[in-house]
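Inside the fold
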Amino acid sequence: MNTAKKATSALISVFHKDGLEPIVKKLDELGVTLYSTGGTEKFIKDLGINVVPVEEVTDYPSILGGRVKTLHPKIFGGILNRQDNEGDVSQMQEYEIPQLDIVIVDLYPFEKTVASGASEQDIIEKIDIGGISLIRAAAKNYKDVLCVSSMEDYSEFLNLISEGNGTTSLEDRKRFATKAFNISSHYDTAIFNYFNQNHDQAILKISEQKGKVLRYGENPHQKGFFFGDFEAMFTKLHGKELSYNNLLDVDAAVNLIEEFKNDDPTFAILKHNNACGLATRSSIKEAYLDALAGDPVSAFGGILIANTEIDGPTAEEIHKLFCEVVIAPSFTEEAIGVLKGKKNRIILVQNEVDMPATVVRTCLNGALVQEKDFKTDTEDDLKTVTDKKPSSGEIEDLLFASKLCKHTKSNTIVLAKNKQLCASGTGQTSRVDALNQAIHKAKSFSFDLEGAVMASDAFFPFPDCVEIADKAGIASVIQPGGSIKDQLSIDYCNENGLSMVMTGTRHFKH
């Protein structure tokens, strides 16, 4: 059975006309009858090409301020008729419905209108009705009709009709139908999510138009994909393709450094989604060197990120370390030259983009969705619960440690001193284990914990942690509080000269 179809007619009605001219000229050259309406009709006429106004087919003008133009049986009949169905063919002749072999239609820019901050009325007017209906109809009847639903497909379509002299295969038409249903489903998802901004309905709809196949997933035997506009968020200056694990670490790094966006130069080093080094200093070079000192062993193969421009001297220090990715809002030309010295090292400039406000993860046979933890503890949140108050320097360290604690896997304990991570205990089933891990690690890298501070992501159910911390030299503690036995920890601190503040906010991270 021959499924090839040679087009003799096309309906063209688009919002975006960039790249349309060569298509119109090629269709005219092939002898294809063109139908159109509104601005597209004028565009074609201005090219000196004959075009049949849709109104001549429907005997109805564009009405209701342009809301109704193509919604008519003579248009949709021309698209939806089955050319191998005798009944359809007979009705086409009876009602004088013209056959439409190609439909080139795009949609009003709904998402861009929402993003622009337009009024609700302007947004509503950008909900396409006729266009989406034409796309769905043409895609449904792909056996007889080819649907072009996006200007991004103009080039492919032009090549197709040029090479085939206007003839397309069933495979071609089905491929374009797949693209069309992707466009229509994404459009409807965007509209629903706009109307459901307050989550009045507990319904999850996610649609990402951009994606890439990764080399593999978390492990080589797993397939992996990334869906999102990575190029909008980062300008990649150098290096190999990012892996699944790289992307997870980059995500953790970006979320962590956001906490220090407006602080003095801050540098973080991450490994397996957790920071192994973090420091805030007067220069980015000092911040990097003190972050590296936090754990120079784990830093090997890590992800590095800065909250300010990386200069040449800092790059020279970084170049001594094997690392997978270096991220900053900018790099000097000297720094780029140095860092490109390793061919696989990934160098990313982080751009300003809007980040998702929710976290989505698979769970059982469905998904869990929650708001992001946007709460950052500030000095106003601190409630001193001990007789001794923390000094101004200790308060700075407590808030520094709290920011990091929020972005470390639970159960976690963070030890910090002079705005430098001394060590953290990460992902432990016991908070005591997390503390002991942190103390052991700090001592293994020769940190003096006398006068250091401790942050906990959740409350202490018993006074054992503050006792262990006290014996290690910790001077001040920050924790959310909320245990029915909070007083036991407070009493220990009072009896042993420690200061402790509570924030009232837990920061679990699982």
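Before going into details, it helps to say that this report is about the structure given with it. (Residues numbered from 1 in each chain as written. Predicted model: local features only at pLDDT ≥ 70, side-chain atom pairs only at ≥ 80, totals over all residues. Heavy atoms only, no water.)

Let's talk about the packing of aromatic side chains
Across all of its chains, the model carries 11 aromatic pairs by this definition. Ring centres 6.3 Å apart and planes at 65° place the aromatic pair Phe110 and Tyr187 in the edge-to-face group. With Phe110 in helix α6 (residues 110–115) and Tyr187 in helix α10 (residues 170–195), this residue pair connects regions lying 77 residues apart in the sequence. Given the relative accessible area of 2%, Phe110 is considered buried. Residue classification places Tyr187 among the buried residues on the basis of a relative accessible area of 8%. Judged by centre distance (5.0 Å) and plane angle (35°), the ring pair of Phe230 and Phe234 falls under tilted. Taken as a pair, Phe230 and Phe234 share a single burial class, namely buried. Counting every residue linked through ring pairs, the aromatic cluster contains Phe110, Tyr187, Tyr194 and Phe195. Positioned above the aromatic ring of Phe192, the side-chain terminus of Lys205 is 5.6 Å from the ring centre. The cationic tip of Lys403 hangs over the ring face of Phe260; the distance from NZ or CZ to the ring centre is 4.9 Å. (Phe/Tyr/Trp six-rings, centres within 6.5 Å; stacked < 30°, edge-to-face > 60°. Helix = DSSP H or I, 4+ residues; strand = E, 2+ residues; numbered from the N terminus. Buried < 20%, exposed > 50% of the residue type's maximum accessible area, 1.4 Å probe, protein only. Lys NZ or Arg CZ within 6 Å of the ring centre and 35° of its normal.)

Thoughts on the packing of helix α8 (residues 130–140) against α10
Put simply, α8 and α10 touch, their axes get as near as 9 Å, and they point 145° apart. Classified by chirality, the crossing of α10 by α8 is left-handed. Listed contacts from α10 to Ile132, Ile135, Arg136, Ala139 and Lys140 of α8 are Ala177, Ala180, Phe181, Ser184 and Tyr187. Residues belonging to the contact of α8 with α10 are distributed by class as follows: seven nonpolar, one polar and two charged. (Axes fitted to C-alpha atoms, helices over the stretch in contact; angles between N-to-C directions. Left-handed = near helix turned anticlockwise from the far one by under 90°. Contact = heavy atoms within 4.5 Å. Nonpolar A, V, L, I, M, F, W, Y, C, P; charged D, E, K, R; others polar.)

Things to note about unusual backbone geometry
In this structure, Asn411 follows Ser410 across a cis peptide bond, with omega equal to -10°. Within the secondary structure layout, Asn411 lies in the loop between α16 (392–406) and β19 (413–416). Although it is not a glycine, Glu96 sits at a positive phi angle of roughly 55°. Its place among the elements puts Glu96 in the loop between α5 (86–94) and β5 (102–105).

Digging into the environment of Lys140
Considering the arrangement of structural elements, one finds Lys140 in helix α8. Its relative accessible area of 64% is what places Lys140 among the exposed residues. It is 69 Å that separates the C-alpha atoms of Lys140 and Pro390, two residues lying 250 residues apart in sequence. Residues in contact with Lys140, not counting those within four places in the same chain, are Leu80 and Phe181.

A few points about the nonpolar core
Core analysis: the largest hydrophobic core is formed by 38 residues, its most contacted members being Phe234, Val250, Leu270, Ile305, Ile327 and Leu348. Leaving out residues up to four positions away in the same chain, Leu348 has contacts with Phe230, Phe234, Thr235, Lys236, Leu242, Val325, Val326, Ile327, Ala328 and Phe331. Counting residues in each nonpolar core, the second largest holds 29 residues, with Ile127, Ile183, Tyr187 and Ile191 among its members. (Core = buried A, V, L, I, M, F, W, Y, C linked by side-chain atoms within 4.5 Å.)

Observations concerning the pairing of strand β15 (residues 346–350)
Every regular strand shows the same layout, with side chains that alternate between the two sheet faces. With respect to burial, β15 is a largely interior element, four of its five residues being buried. In the sheet, strand β14 (residues 323–328) pairs with β15 via four bridges, with the strands oriented parallel. Paired with Val326 across the bridge in β15 is Ile347. You can see the chain leave β14, run along helix α15 (residues 333–339) and come back into β15, and the turn it takes is right-handed. (Pairing = 2+ DSSP bridges. Right-handed = clockwise from strand over helix to strand, strands pointing away.)

Observations regarding the sheet that holds strand β2 (residues 9–13)
Strands belonging to one sheet form pairs held by backbone hydrogen bonds; the direction of such a pair is parallel or antiparallel. An order of β4-β3-β2-β5-β6 is seen for the five strands of this open sheet, with the pairing classed as parallel. The two strands at the open ends of the sheet, each matched to only one other strand, are β4 (52–53) and β6 (146–148).

Regarding the pattern of salt bridges
Inspection of every chain in the model, using the stated rule, returns 25 salt bridges. With a closest N to O distance of 2.7 Å, Lys441 and Asp295 form a salt bridge. Taken as a pair, Lys441 in helix α17 (residues 431–444) and Asp295 in the loop between α13 (284–294) and β13 (302–306) lie far apart in primary sequence, 146 residues in all. (Salt bridge = Lys/Arg side-chain N within 4 Å of Asp/Glu carboxyl O.)

A closer look at the sheet that holds β13
Spatial strand order, β10-β15-β14-β13-β11-β12: six strands in an open sheet with mixed pairing. Each end of this open sheet is capped by a strand with a single partner; those strands are β10 (234–238) and β12 (274–280). If you compare each strand with its neighbour and ignore which way they point, the axes differ by 20° on average. Strand direction decides the pairing type here: β13 and β14, joined by four bridges, are parallel. Note on β14: the bridge partner recorded for Ile303 is Val325. Against the sheet, α13 engages β11 (266–271), β12 and β13, with an angle of about 30° to β11.

Here's the deal with the side chain of Thr37
Assignment of secondary structure puts Thr37 in the loop between β3 (33–36) and α2 (38–46). Residues within four places of Thr37 in sequence aside, it is in contact with Ile12, Ser13, Val54, Glu55, Lys69 and Thr70.

Looking at the environment of Ser430
Turning to its location among the elements, Ser430 is positioned in the loop between β20 (421–425) and α17. The exposure class assigned to Ser430 is partly exposed, which follows from its relative accessible area of 24%. Residues Ser430 and Ile327 lie 103 residues apart in sequence; the distance between their C-alpha atoms is 33 Å.

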